Amino acid sequence: MLEDLNKAAKKVGLHVAAAKKDGKYSIRKTKNAKLVAKNVDADEAAKIIKKYK
């Protein structure tokens, strides 16, 4: 799941990483590493990636 999210995020200039909690992800901008979202599940991460397109 993480790889799929990262492929989509890379196209819009974001990076998805696994959070400390199981099944949660954090999203950062690749340009300046600013945090976009923290401790979101896969569905919400996909929504955020679509929003940045």
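Residues numbered from 1 in each chain as written. Predicted model: local features only at pLDDT ≥ 70, side-chain atom pairs only at ≥ 80, totals over all residues. Heavy atoms only, no water.

Asks: Please clarify how the overall build of the protein should be interpreted in this entry.
Replies: Looking only at helices and strands, the protein features two helices and three strands. The N-to-C order of helical and strand elements in the protein reads α-β-β-β-α. Whereas a compact globule of 53 residues would reach a radius of gyration of roughly 10 Å, the protein reaches 10 Å, a difference of no more than 12%. When the backbone C-alpha atoms are referred to their principal axes, the protein occupies close to 25 × 20 × 15 Å. The burial tally for the protein puts 26% of its 53 residues in the buried class. Expressed as a percentage of contacts within the protein between residues at least 6 apart in sequence, the contacts between residues at least 24 apart total 18%. Total accessible area computed for the protein in this model is approximately 4100 Å², and 48% of it derives from carbon and sulfur atoms. Side-chain charges of the protein comprise 15 positive and 6 negative groups, with the mean position of each set lying 11 Å from the other. (Helix = DSSP H or I, 4+ residues; strand = E, 2+ residues; numbered from the N terminus. Rg over C-alpha atoms; globule rule 2.2 N^0.38 Å. Buried < 20%, exposed > 50% of the residue type's maximum accessible area, 1.4 Å probe, protein only. Contact = heavy atoms within 4.5 Å. Areas by Shrake-Rupley, 256 points an atom, 1.4 Å probe, with all protein chains shown as cover. Lys, Arg positive; Asp, Glu negative; His and termini not counted. Charge placed at Lys NZ, Arg CZ, Asp CG, Glu CD.)

Asks: What exactly am I supposed to notice about the packing of helix 1 (residues 2-11) against helix 2 (residues 42-51) here?
Replies: Packed helices, taken two at a time, are described by the angle their axes make and the gap between the axes. One way to put it is that helix 1 packs onto helix 2 with a least axis distance of 10 Å and a crossing angle of 15 degrees. Viewed along their axes, helix 1 and helix 2 adopt a mutual orientation that is roughly parallel. With respect to the hand of their crossing, helix 1 and helix 2 are arranged in left-handed fashion. Contact residues: helix 1 offers Leu5, Ala8 and Ala9, while helix 2 offers Ala42, Ala45, Ala46 and Ile49. (Axes fitted to C-alpha atoms, helices over the stretch in contact; angles between N-to-C directions. Parallel < 35°, antiparallel > 145°, perpendicular 65-115°, else oblique. Left-handed = near helix turned anticlockwise from the far one by under 90°.)

Asks: Help me understand the sheet that holds strand 3 (residues 35-40), please; the structure alone is not making it clear to me.
Replies: Sheet strands associate in pairs through backbone hydrogen bonding, adopting either a parallel or an antiparallel arrangement. Read from one edge of the open sheet, three strands run 1-2-3, paired in antiparallel fashion. Taken across any chain shown, the strands that pair with only one partner, and hence form the sheet edges, are strand 1 (14-18) and strand 3. Between one strand axis and the next, the sheet turns through 15 degrees on average, direction left out of account. Where strand 1 and strand 2 (residues 25-29) come together, five bridges link them in antiparallel fashion. When the bridges of strand 2 are listed, Ala18 appears paired with Tyr25. This element, helix 1, spans strand 1 and strand 2 of the sheet and lies at about 165 degrees to strand 1. (Pairing = 2+ DSSP bridges.)

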